[in-house]
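Notes for the structure review
Spelled out, the chains give:
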Amino acid sequence: MTLALLAQESGHQAAGVVTSGALLDWAGLLVVAPLVAMFLIIFFGKRLPLQGGELAVAAMAFVTGYAAILAYQAITEGILYERSIEVAAIGGFTIQWGWVIDGLSSMMFLLVGFIGLVVFVYALGYMKGDVRVTFFFAAFSLFAGAMLVLVSAPNVLQLIVGWELVGVASYLLIAHYWEDQANVSAGNKAFLVNKIADVGLVIGAIVLAVAVGSFNINEILDQVVGASPELAAVAGLAAILLLIGGAGKSAQFPFHVWLPDAMAGPTPVSALMHAATMVTAGVYLVARFFPLYQQMAENAQLAVMAVGAFTLTIAGFLAIVQDDIKRVLAYSTVAQLGYMVAALGAGGYSAGLFHLWTHASFKALLFLGAGSVIHVIHSNNMSDMGGLRRLMPTTFWTFVVGSLALIGIPPLAGFLSKDEILATFNAEGYQFVLFLGVLGAFITALYMSRAVLLTFFGTYKGHGHPHESPRVMTLPLIVLAAGAVGIAWINVPGVVSVFSDWVTDRAQPIVEHHAEAFDLVALGSGLLAGLGGIILGYLIYYRDAASQQERDRLRIPVLWPLLENKYYLDDLYWLGIVRPIRDPIARAVNWSNDSIIDWVVNLAGFVTAAVGRVVYGGFDQRGIDLAFNGVSFATDALGGRLRFAQTGRVQQYLGAFVIGALALVVVFVLVFA
Amino acid sequence: MIVTQFLVLAAALFALGVFGLLARRNAVMVLLAVELMLNAVNLNLVAFEAVIRDVLASGQVFAIFVITVAAAEVGVGLSIVLMIFRNRTSANVDELDLMKW
């Protein structure tokens, strides 16, 4: 067992940084707790009163508690800790498992733990009476545990393991209702799209490891700081490859197509996936390797920003045309992830992560609110909703809080984080991206007001009698709504910078521009765009929301079909990638089946039949049968003769017996006398 | 004491028994012949007991055993013969060939 402790003084907190202690040595428990819970649920879950849900919640409560202590220490004193345990050695190459605790990972621990805890509690109510509650909570625990493995990884190999486990868990959960073919297809799509992107991550990791000679992330980043020429030669390539991997998990163009389809899973899955566990992985990856992008691969960093900016622009429009409320939120997530990625690309490390932090709370809130509605209405479509404002007051008010937070209305969370991103664009001189960001904010306001108006205002269009969800579901909504109000006030330009100091507290210093005050251009344009979007949404959708049909009035020819068909990207992938790859494979398999396998099988059959005929005619019939028949005929014939000796007359037998006895006497006398 | 006369008598009795066993047709007479053979053996046992008592101490005991077994045998045998006679109205052993091929 090797124990590697790595501690360097960061630029922010020179003194008093915690680098050791029992709390940090045992932090591995935080990572494995959900995985242990998963196994316990698999083996014992069915016998428990809540079918395993209580174990999952307990594990997440433990994670949250531990992460909160770590986060408190990281914020107040700063933590720089790394520990690796050797798992296997192959020659000189060792595979290690361990955990890194610094500002970035402690932030992610708290995020995953807290959002996980809230969503798990909510799922206790939402999944009650579901077909596979135990399976669901086992996969759910795996989902959270895999994410913790990922964010705690001190080396790229462990990161990839967590990365793939997240993918597996998401596959299981998206295809949770696997009785329906569409859900299975959605799971397959998510898995395959991610897998294609994962190739980028794996190759990027290998490129980095070959150049540096280690899979350890901190060693790689130390080489960045040390300006190693070997690494500099491949840094651009590796950075682009890592971006491809991150774009897959974080649903950035062109890999964003899996995320809306992933809505096939139960709503708590969507909430967790969109807030904490899955889509944040790509952002985390880019953030973790931020020094590489910033100091060695400026062009790759520009690519990061371009991908993010493009994604945030195109995804917002798609959200306007969706009828499925979860798909509206899904495209909204794609767009918000675009903000985060673009911010990282523009150099706003803590701005991007800050949006990740705030977005987690209000996007989980929105999904859980949507789930609360879906749970009652039994439909995802907003055309079946409407007028739920009075029937579900808690859901309504929390959903409105989440929407306003997403739109970026002060004093809610999204306002501060989105403003910080827009300010970063402005300060770094990317005015065009700033324009796209403001446009995105406008679109966000438009589709969120549409979602709120069509769901909660007007008249009820569905069937049945909607009512407020149970307490176990509304309580998480209230908690998250409180989070959406208060979570962002730890980072206000020029006032407090707790969050920035927290996440930049890493082994390698993060260089970034810190705004001393609000950027009035970014703030004003973002706020105006948000308010404008709300007003436009109100004008378009409010009056119409009362009428039964034609609730969407923005049916502009050409543009509407384009958006409704998702820019024909799915069709493009289907015709351009899936068919050209799948069909030749299918044909080749069919050909080999017809020509080679059939031929081999037929030959084997023919040879066997021929051998069988020879054996049957020559050996079996003439050899073995003859021998058996001969023996039985001989026995029969002999018996036929000999049986006449059995006359049935006792005196004949006695006579023979006497003659025999006399003969024996004679023999006895002759021999012995 | 000369044992020869007893042995000759016993052999004659035994031979008579064998003849009766093989030659008689009436089942009762066959059983009687068997008794004759058993008593010939008893005679031998008693005679040798009288002659070589020091060596063979239990000749009379064996004779008693044989008489007992003979009594049992006659009891069983006569009841079988009785049942056969009742079923077939005949005690002729030549007709009892149920066990033939």
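Residue positions are counted from 1 within each chain, in the order its sequence is given. In the order they appear in the text, chains get letters beginning with A and ligands get numbers beginning with 1. Local features in a predicted model are, by the rule used here, given only for residues with pLDDT of at least 70; side-chain atom pairs are given and counted only at 80 or more, and totals for whole chains, interfaces and linings are based on all residues. Note that the side-chain values use all heavy atoms of the structure and ignore hydrogens as well as water.

A closer look at the overall build of chain A
Only DSSP runs of H or I with at least four residues qualify as helices, and only runs of E with at least two residues qualify as strands; both kinds are numbered from the N terminus onward. The helix and strand inventory of chain A stands at 25 helices and 4 strands. A globule of 673 residues ought to have a C-alpha radius of gyration of about 26 Å, yet chain A, at 36 Å, is considerably larger. Three labels apply to residues, based on accessible area from a 1.4 Å probe with only protein chains included: buried if under 20% of the type maximum, exposed if over 50%, partly exposed otherwise in between. Here chain A holds 673 residues, and 54% of them are scored as buried. Note on definitions: a residue-residue contact is assigned when non-hydrogen atoms from the two residues lie within 4.5 Å. In chain A, of all internal contacts separated by at least 6 residues, the share reaching a separation of at least 24 is 80%. Surface exposure here means Shrake-Rupley accessible area, sampled with a 1.4 Å probe, where a residue is shielded only by the protein chains that are shown. Element-wise, carbon and sulfur atoms account for 70% of the exposed surface of chain A, whose accessible area totals about 27,900 Å². By the counting scheme adopted, Arg and Lys are positive, Glu and Asp are negative, and His together with the chain ends is not counted. By convention, the charge on Lys lies at NZ, on Arg at CZ, on Asp at CG and on Glu at CD. If you average the places of the 32 positive and of the 41 negative side-chain charges in chain A, the two averages end up 15 Å apart. Radius of gyration: over C-alpha atoms. The globule rule applied is 2.2 Å multiplied by the number of residues raised to the 0.38 power.

Section: the interface of chain B and chain A
The partner chain A presents 10 residues to the 13 residues of chain B that form the contact. Between chain B and chain A lies a buried interface of about 970 Å² when both sides are counted; carbon and sulfur atoms form 58% of it. The salt bridge definition used is simple: a Lys or Arg side-chain nitrogen within 4 Å of an Asp or Glu carboxyl oxygen. The interface formed by chain B and chain A includes 0 salt bridges. Each polar contact in these results corresponds to two N or O atoms within 3.5 Å; when the atoms are within protein, one needs to be able to donate a hydrogen and the other to accept it, and residues that are neighboring in sequence are counted only if both atoms are side-chain atoms. Inspection of the chain B/chain A interface yields 3 residue pairs in polar contact (both at pLDDT 80 or more). With 3 residues, the top contributor of residues to the side of chain B that touches chain A is helix H1 (residues 4-23) of chain B. Three categories are distinguished: nonpolar for Ala, Val, Leu, Ile, Met, Phe, Trp, Tyr, Cys and Pro, charged for Asp, Glu, Lys and Arg, and polar for the others, with Gly belonging to the last. Taken together, the residues that form the side of chain B that touches chain A break down as 8 nonpolar, no polar and 5 charged. Two parts lose some accessible area (1.4 Å probe) when they are put together, and adding that loss for both gives the buried area.

Thoughts on the domain arrangement of chain A
Residue and element names in this part refer to chain A. A domain assignment, automatic or from a database, supplies the domain bounds used here. Here chain A is described as being made up of domain 1 (1-296) and domain 2 (298-554). Inter-centroid distance (C-alpha atoms) of domain 1 to domain 2 is 24 Å. Listed by partner, the interface residues are 65 residues for domain 1 and 55 residues for domain 2. Across the domain 1 to domain 2 interface the summed buried area is about 5,300 Å²; carbon plus sulfur atoms make up 72%. At the boundary of domain 1 and domain 2, one finds 1 salt bridge. The residue arginine 327 makes a salt bridge to aspartate 261 at a minimum N-O spacing of 3.5 Å. Connecting domain 1 to domain 2 are 14 residue pairs in polar contact (both at pLDDT 80 or more). Elements represented by at least two residues in the side of domain 1 that touches domain 2 include exactly helix H3 (53-76), helix H4 (103-126), helix H8 (217-225), helix H9 (229-249), helix H10 (258-261), helix H11 (267-277), helix H12 (280-288) and helix H13 (290-296). Counting residues per element, the side of domain 1 that touches domain 2 draws most heavily on H4, which supplies 16 residues. The class makeup of the residues in the side of domain 1 that touches domain 2 is 41 nonpolar, 20 polar and 4 charged.

As for the pattern of salt bridges
Residues and elements named next belong to chain A. If you walk through the whole model with that rule in mind, you get 9 salt bridges over all chains. A salt bridge links aspartate 25 to arginine 83, with the shortest nitrogen-to-oxygen separation between them at 3.9 Å. You can see aspartate 25 sitting in helix H1 (residues 22-25) and its partner arginine 83 sitting in strand E1 (residues 81-90), a full 58 residues away along the chain. Here the salt bridges do not stand alone but share partners, grouping Glu164, Lys195 and Asp198 into one network.

Things to note about the nonpolar core
All names here are of chain A. Core analysis: the biggest nonpolar cluster contains 193 residues, and Met107, Ile115, Trp258, Phe289 and Leu292 have the highest contact counts within it. For this core, the element with the highest residue contribution is helix H16 (residues 349-377), accounting for 17 residues. Counting the residues that make up this core, at least three belong to each of domain 1 (1-296) and domain 2 (298-554). When residues no more than four places from it in sequence are discounted, the contact partners of isoleucine 115 are Leu272, Ala275, Ala276, Ala360, Ser361, Ala364 and Leu480. Residues grouped as a nonpolar core are buried Ala, Val, Leu, Ile, Met, Phe, Trp, Tyr and Cys residues, joined through side-chain atoms within 4.5 Å.

Quick word on the packing of aromatic side chains
Residues and elements named next belong to chain A. Two rings from Phe, Tyr or Trp (for Trp, the six-membered ring) form a pair when their centres sit within 6.5 Å of each other. Planes less than 30 degrees apart are called stacked, planes more than 60 degrees apart edge-to-face, and all others tilted. Going through the model one piece at a time under the given rule, you end up with 21 aromatic pairs over all chains. The interplanar angle of 45° and the centroid separation of 5.0 Å between the aromatic rings of phenylalanine 668 and phenylalanine 672 together place this pair among those described as tilted. You can see phenylalanine 668 and its partner phenylalanine 672 sitting in helix H25 (residues 650-672), 4 residues apart, about one turn around the helix. In this structure, phenylalanine 668 and phenylalanine 672 share a single accessibility class: exposed. Grouped by ring-pair contacts, the aromatic residues Phe396, Trp397, Phe399, Phe456 and Phe457 constitute a single cluster. Criterion for a charge above a ring: Lys NZ or Arg CZ within 6 Å of the ring centre, and within 35 degrees of the ring normal. One cation-aromatic arrangement involves arginine 132 over tryptophan 178; the distance from NZ or CZ to the ring centre is 3.6 Å. Geometry around phenylalanine 191 places lysine 195 over its ring, the cationic atom sitting 4.8 Å from the centre.

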